[in-house]
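# Understanding the architecture of this molecule
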Amino acid sequence: MDIPFNKPYMTGKELWFLSQAHAKGHLSGDGTFTKNCAAWLEQRIGCRKALLTHSCTAALEMSAILADVKPGDEVIMPSFTFVSTANAFVLRGAVPVFVDIRPDTLNVDETKIEAAITPRTRAIVAVHYAGVGCEMDSIMDIARKHKLLVIEDAAQGIMSAYKGHPLGSIGHMATLSFHETKNLISGEGGALLVNAPQFLERAEIIREKGTNRSQFFRGQVDKYTWVDIGSSYLPGEIIAAFLWAQMEDADAITKRRLDLWKIYHDWFAPLEKAGKVRRPIVPATCQHNAHMYYLLLPDLQRRTEFIAKLKERGIGAVFHYVPLHDSPMGLKHCRASADLPVTREMSDRLVRLPLWLGLEDHMVDTIHQITDTIGSL
Ligand SMILES: Cc1ncc(COP(=O)(O)O)c(C=O)c1O
């Protein structure tokens, strides 16, 4: 593939920080690099506490334990999301209840949430698709009114904001991903962000195999022991050292991604006008991070043809999210609150284009090839 869909970006400082972690000889979790990364997240996002994890999946599982959902409890979320959003709650016996998405941002449609609330509803998961914020004011109002928790799945949302508030700072908790397809990466990686004070102490314990080890190291208890359920959710220092190199360059990485995103966006404007494609819509309230550039083709047949033809030209483009409510696990363990026509339609029409740092050198050829391909459908 000449232009792959994704190419992980390295800043050039990763090996230097890895060698420092090696030299220090502290390889397990919560050493200097983990602390640097957590402090950076707390300062940049403004969350009360950031806890690095192995993945966003791990952080979502922690959030489900913290939410204390019981078998049969319900959690509202979009069906247009990654499996981990729902799986984390199914692991606890809870039932994901799917709500349709908005046709503009492809985020959960906040106007459809209240109709999905039942006496068993405990939480809402707001997935910020493509790093564009959900309508958080409405979602937080609904949560307050019905006494529900809000968990932001900000896997794709680092360095984005809603009405000036960084994504991850608004809900009771939030989760981030540093998987190699994301804007800041450590191969696999993630973080749980805690905003509501009542979850601070327990979050640390759950991440440390259900022990109060962190309190012991701070001298708050004289021995540490097993006090709750939990697992081993913390990454080692090697991962954190890699991530630290990325965090140091976060502003430059985001700016370069935004520049690439804008080239696509400006270039495709005439095709949108001609009715050939629909471009992403970013509401004025949202500052996004250029996590993804996607196009909406008119229908499934043309989307399939488009991806196949681009592949022949050596360009990697992919569809995104087979709706969870139609998956074998979705049918068995989850429930759709109503028909989900927008989810179905967008899932059929969406195609993600390559967007990685280094694409700058191939951008002119890439956009011409894509435009040509759209013209030939
Ligand atoms: C919305 C969403 N949530 C969760 C995840 C899982 O992230 P991770 O691979 O870090 O576990 C992803 C991964 O792409 C995602 O897109």
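Look above for the structure.
Reading guide: rules and limits
Residues numbered from 1 in each chain as written. Predicted model: local features only at pLDDT ≥ 70, side-chain atom pairs only at ≥ 80, totals over all residues. Heavy atoms only, no water. Pairing = 2+ DSSP bridges. Helix = DSSP H or I, 4+ residues; strand = E, 2+ residues; numbered from the N terminus. Contact = heavy atoms within 4.5 Å. Axes fitted to C-alpha atoms, helices over the stretch in contact; angles between N-to-C directions. Buried < 20%, exposed > 50% of the residue type's maximum accessible area, 1.4 Å probe, protein only.

### Here we look at the sheet that holds strand β12 (residues 335–336)
Taken in spatial order, the eight strands of this open sheet run β1-β9-β8-β5-β4-β2-β3-β12, and their pairing is mixed. Each having just a single partner strand, β1 (49–53) and β12 make up the two edges of the open sheet. In this sheet, strand β9 (residues 190–194) lies alongside β1 in antiparallel orientation, the contact comprising five bridges. Each bridged residue has a counterpart across the sheet, and for L51 the counterpart in β9 is L192. Across the sheet, helix α3 (residues 56–66) lies against β1, β5 (149–153), β8 (173–177) and β9, angled at about 165° from β8, the strand it touches most. Relative to β1, helix α6 (residues 200–207) is tilted by about 15°, and along the sheet it contacts β1 and β9.

### Details of the pairing of β8
For β8, a buried count of five out of five residues is recorded, marking the element as mostly surrounded by other parts of the structure. Across the two faces of β8 the burial is the same, with M173, T175 and S177 and A174 and L176 all buried. As paired strands, β5 and β8 are joined by three bridges and run parallel to one another. Pairing of E152 across the sheet is with A174, part of β8. Inspection of the sheet shows β8 paired to β9 by five bridges, in the antiparallel sense. By the bridge assignment, S177 is partnered in β9 with G190.

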